[in-house]
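A look at the structure
Here are the chains, one letter per residue:
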Amino acid sequence: MTASISYEFFPPRSLDASFRLWDTIGALKHTDPAFVSVTYGAGGTTRKLTHDAVEAIGKHTGLPVAAHLTCVDASREETLDIAQRYADAGVTQIVALRGDPAKGDQGFQPRKDGFQSSVQLIDALARIGRFDLTVGAYPDTHPDAASPQANIDWLKRKIDAGATRAITQFFFEADTFFRFRDACAKAGITAPILPGILPIQSWAGTKRFAERCQTPIPAALANAFDTAERDNRSSLLAAVVCTELCTALLEGGVDHLHFYTLNAPGITRDVVHALGLAPDLSLEKVA
Ligand code: FAD
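Our subject in this report is the structure included herewith. Counting starts from 1 at the beginning of each chain's written sequence and moves along it residue by residue. Residues qualify for local features only when their pLDDT is at least 70, as the model is predicted, and side-chain atom pairs are given and counted only at 80 or more; totals for whole chains, interfaces and linings, by contrast, use all residues. Note: side-chain values were computed over all heavy atoms of the structure, leaving out hydrogens and water.

**Examining the overall build of the chain**
Helix and strand assignments come from DSSP, with helices taken as H or I runs of at least 4 residues and strands as E runs of at least 2, each series counted from the N terminus. Helix and strand counts for the chain come out as 11 helices and nine strands. For the radius of gyration, the atoms used are the C-alpha atoms, and the globule rule reads 2.2 Å times the number of residues raised to 0.38. Relative to the 2.2 N^0.38 estimate, which gives 19 Å for 287 residues, the radius of gyration of the chain is 19 Å and therefore close to what a compact globule would have. For the chain, the spread of C-alpha atoms along the three principal axes comes to 55 × 45 × 35 Å. The 287 residues of the chain split such that 49% are buried. Should any heavy atoms of two residues lie within 4.5 Å, those residues are considered in contact. Put simply, 79% of the contacts in the chain that link residues at least 6 apart link residues at least 24 apart. Only protein chains enter the calculation, and the probe is 1.4 Å; a residue is then buried if its accessible area is under 20% of its type maximum, exposed if over 50%, and partly exposed in between.

**Observations concerning the nonpolar core**
Counting residues in each nonpolar core, the largest one holds 88 residues, and the members touching the most others are I94, L125, L155, L249, L257 and F259. Ranked by residue count, the leading element in this core is helix α9 (residues 234–251), at eight residues. Discounting chain neighbours no more than four positions away, the residues touching I94 are A67, L69, A83, Y86, L125, F131, D132, L133 and T134. Think of a nonpolar core as a cluster: buried Ala, Val, Leu, Ile, Met, Phe, Trp, Tyr and Cys residues, connected wherever their side-chain atoms sit within 4.5 Å.

**Some details on the sheet that holds strand β5 (residues 132–137)**
In this analysis, strands are considered paired if DSSP registers two or more bridges between them. Pairing is parallel in the open sheet, where nine strands are placed in the order β7-β6-β5-β4-β3-β2-β1-β9-β8. With one partner strand each, in any of the chains shown, β7 (193–194) and β8 (196–197) form the two edges of the open sheet. Here five bridges tie strand β3 (residues 65–70) to strand β4 (residues 93–97), and the two strands are oriented parallel to one another. When the sheet's bridge partners are listed, A67 is paired in β4 with I94.

**Side note on the pattern of salt bridges**
Where side chains of opposite charge bring their charged atoms close, a pairing between them can arise. A pairing counts as a salt bridge when a side-chain nitrogen of Lys or Arg comes within 4 Å of a carboxyl oxygen of Asp or Glu. Counted by the stated rule, this structure contains 11 salt bridges. Across the pair D113 and R111 runs a salt bridge whose closest N-O atoms are separated by 3.0 Å. The class for D113 is partly exposed, based on a relative accessible area of 39%. With relative accessibility at 29%, the residue R111 sits in the partly exposed group. Among the ionic pairs, D123 bridges to R127, the shortest N-O distance being 3.0 Å. Of this pair, D123 and R127 both sit in helix α4 (residues 118–128), separated by four residues, roughly a single helical turn. Owing to a relative accessible area of 29%, D123 belongs among the partly exposed residues under this scheme. Given the relative accessible area of 66%, R127 is considered exposed. What emerges from the salt-bridge pattern is a single network uniting D73, E78, R111 and D113.

**Focus: the site of the ligand**
By convention in these notes, a residue is near a molecule or strand provided one of its non-hydrogen atoms lies within 4 Å of it. Surrounding the ligand, one finds 23 residues, the nearest of these being Y40, R98, S118, Y138 and K158. The separation between an oxygen atom of the ligand and a polar side-chain atom of H68 is 2.9 Å. Whenever two N or O atoms come within 3.5 Å, that pair is a polar contact, provided that in protein one can donate a hydrogen and the other can accept it, and provided that, for residues adjacent in sequence, both atoms are side-chain atoms. Contact between the ligand and Y138: an oxygen atom at 2.6 Å from a side-chain N or O atom of the residue. Secondary-structure elements contributing two or more residues to the shell around the ligand are β3, α5 (148–160) and β6 (165–168). The element contributing the most residues to the shell around the ligand is α5, with four residues. Residue type decides the class: Asp, Glu, Lys and Arg count as charged, Ala, Val, Leu, Ile, Met, Phe, Trp, Tyr, Cys and Pro as nonpolar, and the leftover types, Gly among them, as polar. For the shell around the ligand, a count of residues per class yields nine nonpolar, 10 polar and four charged.

**Thoughts on the packing of α9 against helix α10 (residues 266–274)**
Packed helix pairs are characterised by how far apart their axes lie and by the angle those axes make with each other. One way to put it is that α9 packs onto α10 with a least axis distance of 9 Å and a crossing angle of 45°. In this view, α9 runs oblique relative to α10, as classed from their interaxial angle. For the element pair α9 and α10, the recorded crossing hand is right-handed. Residues S235, A238, A239, C242, T243 and C246 of α9 pack against I267, V271 and A274 of α10. Of the residues assigned to the contact of α9 with α10, the class counts are seven nonpolar, two polar and no charged. Only the stretch in contact is used when a helix axis is fitted, and all axes are lines through C-alpha atoms; the angle between N-to-C directions ranges over 0 to 180 degrees. Angular relationships are summarised with four words: roughly parallel below 35 degrees, roughly antiparallel beyond 145, roughly perpendicular across 65 to 115, and oblique for the angles in between. Rotating anticlockwise by less than a right angle from the far helix to the near helix defines a left-handed crossing, while the corresponding clockwise rotation defines a right-handed one.

**Topic: helix α2 (residues 47–61)**
Along an α-helix, residues three or four apart share an orientation, since each turn contains 3.6 residues. Here α2 contains 15 residues, and its C-alpha end-to-end distance of 21 Å stays within 8% of the 21 Å for a straight helix at 1.5 Å per residue. If you check which residues of α2 are buried, you get T50, H51, A53, V54, I57 and T61. The buried residues of α2 occupy one face: seen down the axis, they fall within an arc of 165°. Looking at α2, the residues exposed on the side facing more than 90 degrees away from the buried face are K48, K59 and H60. Expected helix span is computed as 1.5 Å times (number of residues minus one). Of all possible arcs, the one meant is that of the directions from the helix axis to the C-beta atoms.

Function-wise, these values are silent; they only describe arrangement.
Below you can see the structure in the form of structure tokens.
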């Protein structure tokens, strides 16, 4: 099985977090990712940090870096100014999103002078003509979508507005992805849809995140993690579960995996090695 891979990081907010990010990049770099991406904090809270992290990673690693950009709490002018600065710095990939509100706020509240939706943002960025635009996609249907079909129709609008590929929200079962991929194809979406893979580093955190995204958790998985936590074996289970999910995706024709690393390399690296997508350098040293 062969496939390309990519990694998502979040921008560090402290010196300690910067070291952690740097260690994570160092631990994954040998796996030769096609690109890495850097998130934009909920509520637009990491505008400058994201920009700095994107530039620093690009400069110090030479890896292609995709900058996430959202519509939250910024005017059109401010958002396009950030995009312009990315273009000037040689950043050509943007993950264009509507975005989530800051913690505690109810739903997305567009600013009067800001982009009202992801489609407007994508359209404006596409007109600049200097970016490859990636968008978010939701195999388990986004909570704001009126129906599963509306969820797919909106994705089509984002692609038609100028995006060239989509990365999905995390999901737990390969069939969820395949059903979504088939429904997208039926709706005339031809752009690549890259599955977003969440290695489960904290079961409690994953449950909270899944609840927020309304991503159903299979009962068998919940039971397995409850038992593994009791026996202090969660990391092992997480690596196995993630490897199985990725194997099923690759067997079903997926040719790219995008990992949500949460700035910790362990499980992601083990899975990439287990899948044979990159050499395990520690084994080479032993040999
Ligand atoms: P959209 O696709 O624009 O909207 C979500 C759903 O709402 C759609 O499925 C559609 O059905 C419905 N909808 C929205 N507007 C309309 C409309 N006008 N008319 C009809 N239907 C509508 N969040 C961050 O804050 N920072 C990040 O860096 C970040 N990175 C992400 C990366 C990926 C790969 C993904 C999948 C998500 C990311 N998110 C991030 C989360 C994302 O911001 C949230 O899921 C947000 O709620 C939706 O953003 P979107 O651009 O995908 O939304």
